[in-house]
Amino acid sequence: MNKTKPFCISKKSVMAAWEKVKANKGTYGVDEESIKDFELNLKDNLYKLWNRMSSGTYFPPPVRAVEIPKSDGSKRLLGIPTVSDRVAQAVVKDYLEQIVEPKFHEDSYGYRPKKSTLEAVGVARQRCWKQDWVIDLDIKGFFDNLDHELTMKAVRHHTQEKWIHLYVKRWLEAPLQLENGEIIERNRGTPQGGVISPLLANLFMHHAFDDWMRRHYPEVKFERFADDIVAHCCSRKHAEKVLEKIRNRLKECGLELHPAKTKIVYCKDDFRKRSHENESFDFLGYTFRPRLAKSKVGKIFVNFSPAISDKASKKIRKEIRSWKIHLRSDKTLTDLAKMFNSKVQGWVNYYGRYYKSAMYDFLRNMERYLIRWAMWKYKKLRGHKHRARNWLGSVRKREPNLFVHWKMGLGSPVG
């Protein structure tokens, strides 16, 4: 710690921030400097950053804007700071997070230590069984519309450290730079892609929604992951009243609920016989809706429960298709397993937690491509789909754990 500097920021905290940025990888910012490039002159780069931050003379460069296509055909702007700026943001995030994290609501799950998306899905599942109605909330352009002054007010409420105030304000106001070099000034929002952005978003929503709900509607349980929120109510009338109050509250905070995507949902099952125009909702890649289930004694009944959403399933199918497995005839089966197993295992770990059978169809897609691969690779199998399937079945018999879907019994029959 250097006592001659206006701000007491330790060199150790800058090094710890660098280690986190390096571990998270990521691409370059507007200066086109990669993590590898930054590391070539690491000692000097970190010293310069510490010196400027400690002196109050650090100014973030523009954020590189990259357009990411959305499922509805529109595009989302992702903001990518430079490597150096990501380190600076990590320094502030580490400090601020220690202060605000213990104060956050237990039902806030997004971007938090020791919290996970699957935990949020599981809690929502349990609460849907207990209460008949859900408010499915969708905030329009959440990250693009965060009010800067309200965000700073929340930051000042939790810390008096002037350097935290200074740098958070500068990051909020840092302009975007488009691919063509055009600079876009910003007076609201925080770029998705920034290290500090998720924490600021959580801090904003803690005051705008979580703590407000705790004070005004303590009986309403909810799960929130950033701007993805579901709230549980005991009746339709109650849900309508709470929704209107939430809409007004968020409007006061400069946010707007999406009129088409926000809805009240009836959690229909064997014990809830009435009908409603909305009997399903999506949350964190899962669709909650009435589904057939089997009890411990083998009885079939209707249960309101989550399974992989159609949107997530289509996205996975598209990715598997993009691998062009059937054209990789230069690879062996072992090569293919090494290339794709970790990705497939990640999908299984996430979407297989609830109603696992719903994801079997896209897993079988892997086998279909492997059959086509075998037909391309081996002349004796070319044009003989049945023969290729049998050949794969014989390999599976010898090496049942080679592919993730084989371990789950979703490969070709042993032939």
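Residues numbered from 1 in each chain as written. Predicted model: local features only at pLDDT ≥ 70, side-chain atom pairs only at ≥ 80, totals over all residues. Heavy atoms only, no water.

Enquirer: With reference to specific residues and values, describe the nonpolar core.
Expert: Core analysis: the largest hydrophobic core is formed by 53 residues, its most contacted members being Phe281, Phe288, Ile325, Leu333 and Tyr351. Apart from the residues lying within four places of it in its own chain, the contact partners of Leu333 are Leu370, Trp373, Trp391, Leu392, Val395, Leu402 and Phe403. (Core = buried A, V, L, I, M, F, W, Y, C linked by side-chain atoms within 4.5 Å. Buried < 20%, exposed > 50% of the residue type's maximum accessible area, 1.4 Å probe, protein only. Contact = heavy atoms within 4.5 Å.)

Enquirer: How would you summarise the pairing of strand S11 (residues 300–308) if you had to cite specific residues and measurements?
Expert: For strand S10 (residues 286–294) and S11, the ladder comprises nine bridges, and the chain directions are antiparallel. Following the sheet pairing, Tyr286 is matched in S11 by Ile308. Between S10 and S11, which pair antiparallel in sequence order, lie five residues; one of them, Gly298, sits at a positive phi of approximately 90°. (Pairing = 2+ DSSP bridges. Helix = DSSP H or I, 4+ residues; strand = E, 2+ residues; numbered from the N terminus.)

Enquirer: Which residues make up the sheet that holds strand S7 (residues 228–233), and what values do they have?
Expert: One open sheet accounts for four strands, arranged S6-S7-S3-S8; its pairing is antiparallel. Two strands bound the open sheet, and with one partner strand each, they are strand S6 (221–225) and strand S8 (263–266). The sheet shows a mean angle of 20° between the axes of neighbouring strands, direction not considered. Running over the sheet, helix H5 (residues 117–130) touches strand S3 (133–138), S6 and S7 and is turned about 155° from S6. Sheet strands touched by helix H8 (residues 197–216): S3, S6 and S7. Its angle to S6, the strand with the most contacts, is close to 170°. (Axes fitted to C-alpha atoms, helices over the stretch in contact; angles between N-to-C directions.)

Enquirer: Can you explain the packing of helix H12 (residues 360–377) against helix H13 (residues 385–398)? Please cite residues and give values.
Expert: Between H12 and H13, the shortest axis-to-axis distance is 9 Å and the interhelical angle comes to 110°. The orientation of H12 with respect to H13, classified from their angle, is roughly perpendicular. Of the residues in H13, those in contact with Glu367, Leu370, Ile371, Trp373, Ala374 and Met375 of H12 are Lys385, Ala388, Arg389, Trp391 and Leu392. For the contact of H12 with H13, a count of residues per class yields eight nonpolar, no polar and three charged. (Parallel < 35°, antiparallel > 145°, perpendicular 65-115°, else oblique. Nonpolar A, V, L, I, M, F, W, Y, C, P; charged D, E, K, R; others polar.)

Enquirer: Could you give an account of helix H9 (residues 236–252), naming the residues involved and the relevant values?
Expert: The terminal C-alpha atoms of H9, which comprises 17 residues, lie 25 Å apart, in line with the 24 Å expected from a rise of 1.5 Å per residue. Of all the residues in H9, the buried ones are His238, Ala239, Val242, Leu243, Ile246, Arg249 and Leu250. Take H9 and look down its axis: the buried residues cluster within an arc of 130°, on one side only. Facing away from the buried side of H9 by more than 90 degrees, the exposed set consists of Lys237, Lys251 and Glu252. (Expected span 1.5 Å × (residues − 1). Arc of directions from axis to C-beta.)

Enquirer: Let's hear about the sheet that holds strand S2 (residues 75–80): which residues, and what values?
Expert: Spatial ordering of the open sheet is given by S2-S1-S4-S5, a layout of four strands whose pairing is mixed. Lying at the two open borders of the sheet, with one neighbouring strand each, are S2 and strand S5 (183–184). Both strand S4 (residues 176–177) and S5 contribute to a ladder of two bridges, which runs antiparallel. Across the sheet, residue Gln177 finds its bridge partner in S5, namely Ile183.

Enquirer: How would you sum up unusual backbone geometry? Please name residues and give values.
Expert: Notably, Tyr111 is not glycine yet its phi reads approximately 55°, a positive angle. The residue Tyr111 is located in the loop between helix H4 (83–100) and H5 in this model. Residue Tyr111 is classed as partly exposed on the basis of its relative accessible area of 44%. With a phi close to 50°, Tyr355 is a non-glycine residue in the positive phi region. Residue position: Tyr355 is located in the loop between helix H11 (333–351) and H12. Residue Tyr355 is classed as partly exposed on the basis of its relative accessible area of 32%.

Enquirer: Outline the confidence of the model for the chain, supporting the account with residue identities and numerical values.
Expert: On average, residues of the chain score 94 in pLDDT, and 98% of them reach the 70 mark or higher. When pLDDT is averaged over each helix and strand of the chain, the minimum, 84, is found for S2 and the maximum, 98, for S8. (pLDDT = per-residue confidence, 0-100.)

Enquirer: For the packing of aromatic side chains, give the residues involved together with the corresponding values.
Expert: If you walk through the whole model with that rule in mind, you get 23 aromatic pairs. Considering the side-chain rings of Trp373 and Tyr378, the 6.1 Å spacing of their centres and the 85° angle between planes classify their relative orientation as edge-to-face. Among the residues examined, Trp373 registers a relative accessible area of 0% and is labelled buried. On the basis of relative accessibility, which here comes to 28%, the residue Tyr378 falls in the partly exposed class. Here the aromatic cluster, defined as three or more aromatic residues joined through ring pairs, consists of Tyr286, Tyr350, Tyr351 and Tyr354. Geometry around Trp50 places Lys11 over its ring, the cationic atom sitting 4.7 Å from the centre. (Phe/Tyr/Trp six-rings, centres within 6.5 Å; stacked < 30°, edge-to-face > 60°. Lys NZ or Arg CZ within 6 Å of the ring centre and 35° of its normal.)

Enquirer: So what about the environment of Asp361? Which residues, and what values?
Expert: The topology assignment puts Asp361 in helix H12. A relative accessible area of 34% means that Asp361 is categorised as partly exposed. Spatially, the C-alpha atoms of Asp361 and Leu146 are 40 Å apart, while their sequence positions differ by 215 residues. Once residues lying within four places of it in the same chain are set aside, the contact partners of Asp361 are Arg317 and Arg368.

Enquirer: Lay out a nonpolar patch on the surface in plain terms, naming residues and giving numbers.
Expert: On the surface, Leu292, Ile300 and Tyr355 cluster together to form a nonpolar patch covering roughly 300 Å² of accessible area. Here Leu292 lies in strand S10. On the accessibility criterion, Leu292 (56% relative accessible area) is exposed. (Patch = residues over 30% accessible without salt bridge, like charges linked within 9 Å, V, L, I, M, F, W, Y side chains within 5 Å. Areas by Shrake-Rupley, 256 points an atom, 1.4 Å probe, with all protein chains shown as cover. Salt bridge = Lys/Arg side-chain N within 4 Å of Asp/Glu carboxyl O.)

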